[in-house]
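Tertiary structure, described
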Amino acid sequence: METKIPALKKLSENKFCLSKEFKPGMRVDGIIYTNEKLLPSLLQDKALEQVANVAFLPGIIKHSLAMPDIHWGYGFPIGGVAATDIGEGGVVSPGGVGFDINCGVRLVKTGLFQQDIEGKLTDLVNLLYHSVPAGVGSKGSLKLTESQEKALLIKGAKWVVEQGYGTKDDLECTEENGCMKDVDPGLISQYAYQRGRPQVGTLGSGNHFLEIQVIDKIFDEKIAEQLNLFETQVVVMIHSGSRGFGHQVCSDYLKTMQDCPRKYNIKVPDRQLACAPVESKEGKAYLSAMGCAANYAWANRQLLMHKTREVFEKFLKVGQNTLKMNLIYDVAHNIAKTETYLVNGVPKKLCVHRKGATRAFGPGRQELPEKYRNIGQPVIIPGDMGRNSYLLVGTEQAMQETFGSTCHGAGRLQSRTQAIHTLDRNKVLKELKDKGIEIRSTGKETICEEAPQAYKDVNDIVEIVHNAGISKKVCRMKPVGVIKG
Amino acid sequence: MSAKKYEQIEHTADIGLKIFGKDKKTLFINAAQGMFSLIAVRKSAAKKIKTSQEFKVEVQADGLEGLLVSWLSELLTLADIYSIVATRLYVSHLSSKSIQARVSAEPLSDSAYTMKTEIKAVTYHLLKIVKNKTGFQGTVFFDI
C-alpha cells in the first residue's frame, strides 16, 4: 500500500516502517504495528512525527517502535517503545516514561460467575464507588508518616503486604514483584513526599478506573485453564498509577534535564524529550527517583485491590476462601527499565522505555513467576468502558522484535474537548445501561470524555498484536460495573 | 466586553490552552486562571468563602517559556497538596528567569466547586510564547 507519506512503507498486514528519510537526524527507522484500517486515524495528528523524534535519541537500538494503540502524546507518542544501549552512551528520557510513572493495570480473578452477582450489581457498584477513593482531590484511608512513606518507596507493594494488605502470592504476580530495587528516596523532593502521603490508595481520575468484568470469550483454552479462568467468570480490573507523587517526580526531573541536552551535546527535536546518558549523574538520579515512583504505584494498586477485596467480602458476606480473589498479574505501562537482550548476537544491557506500552515477556524468562514460565507473561489490555478488555500472554516473537513489549489499551480517537462537545452525557449513560453496564463517576465530564466513541476499538488493537505475533489472546472480558474518577 | 483570557486547544490525549495577555504578567495570571478552570468550576450559587489562604510563590527557570511551565507546575503542586483553587493572583516581579507572586486561594470543596479534571502535570509540549500586536500569546499543554 502506498501512503501519502513516501517514507512510510507497509512491511506486512500489521507492520509499517517509517524510514530514516522521514526526518533528518533519525538514527534508526520507526516500526509501527498497525493495519490499513487504523492507519488513517494515526495520520490525523502528530504521532508519526513523535515516532521519528524518538529515533533521535542517542544509543537507540534497532527501531523506534510504536504499538497499534499509538496516539499523539508529548515527547514520546503514547504507545511508544525505545531501547537505548547503556554501554554506548544510551540515554534515558523522562518523556519516554511520562508523568504518571508506572501507570498500570492489574487483573484479579474471583470465584464468582455472572449469575452470582445478577440482581446485586447495582448495590455492589455503589458500595465500591463509596469505598474506593476516586476523583479530583481524593484522599486515601491510609495516613502515612514520612518514614512510612520512605519505606513504601523502597519496598513498593511489599511494604503494603507487610502491613497486612495482601499476600505473598500478590507480590509474586506483580511485575518486578512490585518493587524496583536499589532506589534512593533521598532523591525525592519534599513536594513529591507531600503530594504522595495522602494519596496512596486512591484511583485518580481521567482514564483510571476500577471495573467489574465478566469473561465472555476464551481464545486459548489451555492457558485459560492453567490460569483458572472460565467463561462467565467475574474478574476485577484496576487501572491507576503513582498519583501526585509520580507526577511531581517527573516534573522535577524534567526540569533538571532541560539542561542536559546542551551539557551532553545531545540533539533532540522536542523539549519534552530532554534526556541524559543512563550512566550520567542525572540519568542515574532520574532512574532511581522513577523507581521510587514505580514502587509507589505498585503500592497504590495493591491497596486499591485490598479495598476491593474488602468490599466484595462485606457485600457478599463471605471470606476469601470462597471468593478466591487472586491476582492474575499486575503490569506497568509507563516505565523505563534495564533489561538484557541479544543485539547482533551479543548480550547488551539496554534501557527500555515503555510509554503506554506493556511488557510482554515470552515463555521461559526468569523474571516471570515459576507458575507462568511455561505460558509467558500475562498481559492485561483494558479497553474503553463500553467495549471489551483482554488478557493476553507475551511471546518469544515479542522478545525478538519489540524488546518484549506490546500494546497497552485502546488508544484515544477523539480529544476530550471534542468528546465533551459532541456527545450527550445522558445518551452515553443510557447506551451503557442498555448494555448492562453500571457506571459511577465523580467527574462531571468524565462520562463523555471516556465514552466508547472517544476511543479506538480495542478489539482492532488486540487483533493486530495477536496477528503480528507479539502477544497471544487468552480471553476477552466485557465490563458490567465501572467506577471512574 | 473584557478581552479573552484563554481558550482550550484540541489535543488527542490531553488539553491545551491558548493564553492571551496585554503584557507578560497578565499572560502568566491568565494562564493560571485557565489551568484552574480545567480542574474545577465554581458553582454560581456557592457562598463566598470567608477564609482564604495566602501563598507566596517564587520560581526560577531558564527562559520565559520554561518559566511559564515552572510557574504553573508550582501552582498545580500547591493546589494538590493543600486542596485549593487560586482565586486571586498578584505578580510582583517577572523577568525571563524568575517570577514572584502572591496567591490567594480557597478550599476546593464539593459544595463550592464542580470537579472537572485532575491535571497530572504541565508539559513542555508545543510550549510557546509570542509577542503580537495586542500583547502576548502563549500555548501550553497539560497532561491529564
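Above this text is the structure in question.
So, a few notes on the structure that sits alongside this text.

Cut-offs applied
Residues numbered from 1 in each chain as written. Chains lettered and ligands numbered in written order. Predicted model: local features only at pLDDT ≥ 70, side-chain atom pairs only at ≥ 80, totals over all residues. Heavy atoms only, no water. Salt bridge = Lys/Arg side-chain N within 4 Å of Asp/Glu carboxyl O. Helix = DSSP H or I, 4+ residues; strand = E, 2+ residues; numbered from the N terminus. Contact = heavy atoms within 4.5 Å. Polar contact = N/O pair within 3.5 Å; in protein donor to acceptor, adjacent residues only side chain to side chain. Buried area = accessible area lost by both parts, 1.4 Å probe. Pairing = 2+ DSSP bridges. Axes fitted to C-alpha atoms, helices over the stretch in contact; angles between N-to-C directions.

This part takes up the pattern of salt bridges. All names here are of chain A. Counted according to the given criterion, the structure contains 41 salt bridges over all chains. A salt bridge links Asp460 to Lys37; the nearest nitrogen and oxygen atoms lie 2.8 Å apart. On the criterion of sequence distance, the pair formed by Asp460 in helix α18 (residues 458-468) and Lys37 in the loop between β3 (29-33) and α1 (39-42) is long-range, its members being 423 residues apart. Put simply, Lys337 and Glu175 hold a salt bridge, and the shortest N to O gap is 2.4 Å.

Now for the environment of Arg271 of chain A. Note that Arg271 of chain A resides in the loop between α11 (260-263) and β10 (276-277). Counting along the chain gives 14 residues from Arg271 of chain A to Met257 of chain A, while the straight-line C-alpha distance between them is 9.4 Å. Excluding residues within four positions of it along the chain, Arg271 of chain A makes contact with Gln258 of chain A together with Glu65, Gly66, Tyr124 and Leu127 of chain B. Separated by 3.0 Å, the side chains of Arg271 of chain A and Gln258 of chain A make a polar contact.

Another point: the interface of chain B and chain A. It is common to report an interface's size as the accessible area lost on association of the parts. Listed by partner, the interface residues are 36 residues for chain B and 44 residues for chain A. Summed over both sides, the interface of chain B with chain A buries roughly 3500 Å², with 51% coming from carbon and sulfur. Our enumeration of links across chain B and chain A arrives at four salt bridges. Here Arg243 of chain A makes a salt bridge to Glu118 of chain B, at a shortest N to O gap of 3.0 Å. Summed over the shared surface of chain B and chain A, the result is 14 residue pairs in polar contact (both at pLDDT 80 or more).

So, on to the sheet that holds strand β6 (residues 98-107) of chain B. Residues and elements named next belong to chain B. If you trace the three strands from one edge of the open sheet to the other, you get β4-β6-β5, paired in antiparallel fashion. For this open sheet the edge positions go to β4 (53-60) and β5 (84-94), each flanked by a neighbour on one side alone. Neighbouring strand axes in the sheet, compared pairwise and without regard to direction, differ in orientation by 25° on average. Both β4 and β6 contribute to a ladder of eight bridges, which runs antiparallel. The partner of Val57 across the bridge, within β6, is Ala101. Sheet strands in contact with helix α1 (residues 24-39) are β5 and β6, and its direction is about 165° off that of β5. Against the sheet, helix α2 (residues 64-82) makes contact with β4, β5 and β6, and its axis sits at roughly 145° relative to β4, the strand it touches most.

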